[in-house]
Amino acid sequence: MMEELLTLNVLLKNELMTTVRLATGGVCSLAGLSLDGSEDCKVCVTESLLLLMHGGYPSACVRFCTDGGLSVEVTGEGVRRSLREYAEDEISVALLNALTEGVNLQKEGGCLRTIGFRFGNGR
């Protein structure tokens with residue numbers, strides 16, 4: 001059974017990324033992730049937010065759930081501003097795939113809207 005631990009609604013501004021990383025670290029501790037797993041999760045949450053920021057979203061919702069591991073879903077919210085694509089976005093997606101147990105990318109209107117990933121206990 002999935003239990004929601006925390007939901008954050010955050011403006012996609014660089015100066016708020018540290019706050020989200022700190023909250024993510026706390027959630028990882030509650031979920032029982034190892035120190036390495038916690039660091040990987042913080043990187044993945046930050047990269048997901050940056051992907052959505054590059055996609056022109058003004059804000060995002062980050063949802064943390066536990067079910068024997070930690071599932072994270074990051075969804076872009078608000079009216080997208082038209083922005084160019086960044087070459088680093090491909091690197092971010094590759095990093096997400098390398099660090100997690102599975103990445104689910106959902107697009108809306110051809111643009112990335114939701115990024116989901118999972119970490120197991122002890123990772």
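In this numbering scheme, every chain counts its residues from 1 along its sequence in written order. With the structure being a predicted model, the display of local features is reserved for residues of pLDDT at least 70 and the display and counting of side-chain atom pairs for 80 or more, all residues being used for whole-chain, interface and lining totals. Side-chain numbers here rest on the full set of heavy atoms in the structure, without hydrogens or water.

S.K.: Just checking my understanding: could you explain the overall build of the protein chain for this structure?
M.R.: Scanning the protein chain from N- to C-terminus turns up three helices and five strands. When the helices and strands of the protein chain are listed from N to C terminus, the series reads β-α-α-β-β-α-β-β. In this setup the radius of gyration rests on C-alpha atoms only. A globule is expected at 2.2 Å times the number of residues raised to 0.38. Here the C-alpha atoms of the protein chain give a radius of gyration of 14 Å, agreeing with the 14 Å that 2.2 N^0.38 yields for 123 residues. Judged by the C-alpha coordinates and their principal axes, the protein chain covers about 40 × 25 × 25 Å. Note on classification: 1.4 Å probe, protein chains only; a residue is buried when its accessible area is under 20% of the maximum for its type, exposed when over 50%, partly exposed between these limits. Looking at the protein chain residue by residue over its 123 residues, the buried ones come to 42%. Between two residues, a contact is recorded if the distance between any of their heavy atoms is within 4.5 Å. Residue pairs at least 24 apart in sequence account for 63% of intrachain contacts in the protein chain once pairs closer than 6 positions are excluded. Secondary structure elements are taken from DSSP: a helix is a run of H or I of four residues or more, a strand is a run of E of two residues or more, and numbering for both begins at the N terminus.

S.K.: Explanation requested: the sheet that holds strand 5 (residues 111-120) in the structure shown.
M.R.: Sheet strands associate in pairs through backbone hydrogen bonding, adopting either a parallel or an antiparallel arrangement. In this scheme, strands are said to pair when DSSP sees at least two bridges between them. Sheet architecture is open: five strands sit in the order 1-2-3-5-4, paired in antiparallel fashion. Among the strands making up the open sheet, the edge pair consists of strand 1 (3-11) and strand 4 (103-108). This sheet shows a mean twist of 15 degrees between the axes of neighbouring strands, independent of strand direction. Sheet topology note: the strand 3 (residues 69-77)/strand 5 ladder contains seven bridges and is antiparallel. Pairing of S71 across the sheet is with R118, part of strand 5. In this analysis an axis means a line fitted to C-alpha atoms, helices contributing only their contacting stretch, and an angle means the value between N-to-C directions, from 0 to 180 degrees. Helix 1 (residues 17-31) rests against strand 1, strand 2 (59-66) and strand 3 of the sheet, and its axis sits at about 175 degrees to strand 1.

S.K.: Would you mind showing me how to read the packing of helix 2 (residues 35-54) against helix 3 (residues 88-99) here?
M.R.: Geometrically, a packed helix pair is captured by the angle between its two axes and the distance between the axes. Two numbers describe how helix 2 lies on helix 3: the axes approach to 10 Å, and their chain directions differ by 150 degrees. Between helix 2 and helix 3, the crossing angle belongs to the class labelled roughly antiparallel. The chirality of how helix 2 crosses helix 3 is left-handed. Listed contacts from helix 3 to D40, V43, C44, E47, S48, L51 and H54 of helix 2 are D89, S92, V93, L95, L96 and L99. Throughout this entry, Asp, Glu, Lys and Arg are counted as charged residues, while Ala, Val, Leu, Ile, Met, Phe, Trp, Tyr, Cys and Pro are counted as nonpolar. The remaining residues, Gly among them, count as polar. Class assignment for the residues of the contact of helix 2 with helix 3 results in seven nonpolar, three polar and three charged. If an angle is under 35 degrees, it is roughly parallel; if it is over 145, roughly antiparallel; if it lies from 65 to 115, roughly perpendicular; otherwise it is oblique. Put simply, a crossing is left-handed when the front helix is turned counterclockwise from the back one by less than a right angle, and right-handed when it is turned clockwise.

S.K.: How do you make sense of helix 3 when you look at a structure like this?
M.R.: Counting along an α-helix, one turn takes 3.6 residues, and residues three or four places apart therefore face a common direction. The terminal C-alpha atoms of helix 3, which comprises twelve residues, lie 17 Å apart, in line with the 16 Å expected from a rise of 1.5 Å per residue. On its buried face, helix 3 is in contact with helix 2, strand 4 and strand 5. Given the number of residues in a helix, its expected span is that number minus one, multiplied by 1.5 Å.

S.K.: It is not clear to me how the pairing of strand 4 should be interpreted in this structure. Could you clarify?
M.R.: Two faces belong to every sheet, and in a regular strand the side chains alternate between them. Both strand 4 and strand 5 contribute to a ladder of six bridges, which runs antiparallel. Each residue of the ladder has a partner; that of N104, found in strand 5, is G116. Here strand 4 hands over to strand 5 after two residues, with G109 in that stretch at a positive phi of 60 degrees.

S.K.: Can you walk me through the environment of E77 in this structure?
M.R.: Relative to the helices and strands, E77 resides in strand 3. Beyond its immediate chain neighbours, meaning those up to four positions away, E77 contacts N9, Y57, P58, S59, A60 and C61.

S.K.: When you look at the confidence of the model for the protein chain in this model, what are you seeing that I'm missing?
M.R.: The predicted structure's coordinates, where accompanied by low pLDDT, should not be read in detail. With 92% of its residues at a pLDDT of at least 70, the protein chain reaches an overall mean of 90. On a range of 0 to 100, pLDDT expresses the predictor's confidence in each residue. When mean pLDDT is compared element by element in the protein chain, strand 2 scores highest at 96, while helix 3 scores lowest at 88.

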